[in-house]
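Here is what each chain is made of, one letter per residue.
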Amino acid sequence: MTILLTGATGKVGRRVAARLDDLRVPFRPASRTSATPFDWTDETSWPAALDGVRSAFVVPYDAAPVTRPFVDVAIKSGVERIVLLSGRGVDVPDYLPPHLMEGNAHIDGEAALRPAAVEWTILRPGWFAQNFSEGFFRDSVLAGELRLPAGDGAASYVDADDIAAVAVAALTEDRHVGQTYELSGPRAVTMAEAAAEIAAASGRDVRYTHVDHDDLVRELVNDGWPAADADEYVSLIGPIRRGIDAHLSDGVERALGRPPRDFRDVVREAAAAGAWS
Ligand SMILES: NC(=O)c1ccc[n+]([C@@H]2O[C@H](COP(=O)([O-])OP(=O)(O)OC[C@H]3O[C@@H](n4cnc5c(N)ncnc54)[C@H](OP(=O)(O)O)[C@@H]3O)[C@@H](O)[C@H]2O)c1
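A short tour of the structure in this document, coming up. These figures come from a predicted structure and were not determined experimentally.

Here is what the cut-offs are and how they apply
For every chain, the first residue of the written sequence is number 1, and numbering continues from 1 along that sequence. With the structure being a predicted model, the display of local features is reserved for residues of pLDDT at least 70 and the display and counting of side-chain atom pairs for 80 or more, all residues being used for whole-chain, interface and lining totals. To get the side-chain values, take all heavy atoms of the structure and skip hydrogens and water. Summary of the distance rule: residues count as near a molecule or strand when at least one heavy atom falls within 4 Å of that molecule or strand. Think of a polar contact as two N or O atoms within 3.5 Å of one another; within protein, one of them needs to be a possible hydrogen donor and the other a possible acceptor, and neighboring residues in sequence only count if both atoms come from side chains. Polarity classes work like this: nonpolar for Ala, Val, Leu, Ile, Met, Phe, Trp, Tyr, Cys and Pro, charged for Asp, Glu, Lys and Arg, and polar for all others, with Gly in that last group. We call a set of buried residues a nonpolar core when its members are Ala, Val, Leu, Ile, Met, Phe, Trp, Tyr or Cys and they connect through side-chain atoms within 4.5 Å of each other. Under the scheme applied here, a residue whose accessible area is under 20% of the maximum for its type counts as buried, over 50% as exposed, and between as partly exposed, the area being computed with a 1.4 Å probe on protein chains only. Only DSSP runs of H or I covering at least 4 residues are called helices, and only runs of E covering at least 2 are called strands; the numbering of each starts at the N terminus. In what follows, a contact means two residues having at least one pair of non-hydrogen atoms within 4.5 Å. Helix span, as expected, comes to 1.5 Å for every residue beyond the first. Only centres within 6.5 Å qualify two rings of Phe, Tyr or Trp (six-membered ring in Trp) as a pair; their planes then separate them into stacked at under 30 degrees, edge-to-face at over 60, and tilted for everything else. Two strands are counted as paired when DSSP detects at least two bridges linking them. Throughout, an axis means a line fitted to C-alpha atoms (over the contacting stretch in the case of helices), and angles, computed between N-to-C directions, take values from 0 to 180 degrees.

1. Details of the site of the ligand
Link 1 in the chain: Residues in contact with the ligand amount to 25 residues; listed here are only the nearest, Thr-9, Ser-31, Arg-32, Thr-33 and Asn-131.
Link 2 in the chain: Here an oxygen atom of the ligand sits 2.8 Å away from a polar atom, N or O, in the side chain of Asp-62.
Link 3 in the chain: At 2.8 Å from an oxygen atom of the ligand is found a side-chain nitrogen or oxygen belonging to His-106.
Link 4 in the chain: Residue composition of the shell around the ligand, by class: 11 nonpolar, nine polar and five charged.

See the structure below:
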């Protein structure tokens, strides 16, 4: 009854792996670097990864809508349960500009899974708290300045370990079948507050500076970023500035029967683990 764990080396996947290890639940890590190589862009790598698998955790590929064909192949291979990591905002019109594939891949992945002949659970996390310690804001934290077009907008950052806990519950317990869990932390945090809390926890000088969307795209392109990547990165911040990522979601409480962890606790833990040392 092996579980296939895609994205096993990522922020959520490695926390799911640690939790499954603790529970002594057998799983097969699957990414481009795992013992059984799995590549979203190479369908020929999927059957070996799916061999003998009954449940799968899908950390999707954001650059193309490949969840749809994967669900098909997985069901034909005998998979009975799929837990999909999607994103909060997929059901909000104009949450992201329509040309960004990231949003479209999630929308298509959910649409493919819901009617499929498989037990499914969908996780829709908001912004991960770990973006500051392990993800795309980390370099800015180390440089001492978060330069972003977020204005005074806030986001209710969710702990990647809470996302992993919900994923493991959905993989191992029956009561989550057919549920869509929107996941956030317990508090909305502005970029200025995030910088201050990281500074306090890490002892580093970290501040937030608002930069207009077009100015930041120009800055990044001047720094050597491809124009499309700069546009995508900066566009992702739009929902924070527009105030549509600040609301709280009840998914952690509904799935686990406990409140989500606060951004400050996640940041303190990251600092103690040397995330910014
Ligand atoms: N960050 C956020 O705030 C946020 C919020 C909401 C939703 N999400 C969604 O969460 C997902 C990302 O989760 P995450 O942050 O845990 O990911 P992550 O830390 O960026 O890790 C990505 C994982 O995917 C694997 N991977 C990358 N390219 C691959 C490919 N071509 N084939 C197979 N595996 C590949 C990587 O492993 P290898 O490099 O070993 O292949 C890694 O394990 C995305 O779908 C994103 O849209 C993120």
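Next comes the rest of the account.
2. Some points on the nonpolar core
Link 1 in the chain: Phe-132 and Tyr-157 are the most contacted members of the largest nonpolar core, which has 38 residues in total.
Link 2 in the chain: Of all elements in the fold, only β6 (145-148), α7 (191-202), α8 (213-222), α9 (227-236) and α12 (263-272) reach the threshold of two or more residues within this core.
Link 3 in the chain: The residues contacting Tyr-157, other than those within four sequence positions of it, are Trp-127, Phe-128, Ala-129, Phe-132, Ser-184, Gly-185, Arg-187, Val-189, Met-191, Ile-240 and Phe-263.
Link 4 in the chain: In this structure, Leu-123, Val-158, Val-252 and Ala-255 belong to the second largest nonpolar core, which totals 27 residues.

3. Quick look at α7
Link 1 in the chain: Given a rise of 1.5 Å per residue, 12 residues ought to cover 16 Å, and the 16 Å separating the end C-alpha atoms of α7 matches this to within 8%.
Link 2 in the chain: Three or more residues of α7 are buried, namely Met-191, Ala-194, Ala-195, Glu-197, Ile-198 and Ala-199.
Link 3 in the chain: Positive phi shows up at Gly-203, right after α7, with a value of about 75 degrees.

4. Brief notes about the packing of aromatic side chains
Link 1 in the chain: Here the structure, examined in full by the defined rule, presents 15 aromatic pairs.
Link 2 in the chain: A ring pair is formed by Trp-40 and Phe-70, whose centres lie 5.0 Å apart and whose planes are at 70 degrees; its orientation type is edge-to-face. Here Trp-40 is found in the loop between β2 (27-30) and α2 (46-50), whereas its partner Phe-70 is found in helix α3 (residues 67-76), with 30 residues between them in sequence.

5. Description of unusual backbone geometry
Link 1 in the chain: With phi around 55 degrees, Arg-24 is a residue other than glycine that occupies positive phi space.
Link 2 in the chain: For Arg-24, the location among the structural elements is in the loop between α1 (13-23) and β2.
Link 3 in the chain: Arg-24 sits in the exposed class, given a relative accessible area of 75%.
Link 4 in the chain: Even without being a glycine, Asp-94 presents a positive backbone phi close to 65 degrees.
Link 5 in the chain: Looking at the secondary structure, you find Asp-94 in the loop between β4 (81-85) and α4 (101-113).
Link 6 in the chain: A residue is classified by how much of its surface remains accessible, and Asp-94, at 61% relative accessible area, is exposed.

6. As for the sheet that holds strand β1 (residues 2-6)
Link 1 in the chain: The parallel open sheet is built from six strands, whose spatial order is β2-β1-β3-β4-β5-β8. Single-partner strands in this sheet number two, and they are β2 and β8 (180-183). Averaged over all pairs of adjacent strands, the angle between strand axes in this sheet comes to 15 degrees, irrespective of strand direction.
Link 2 in the chain: In this sheet, β4 lies alongside strand β3 (residues 53-58) in parallel orientation, the contact comprising four bridges.

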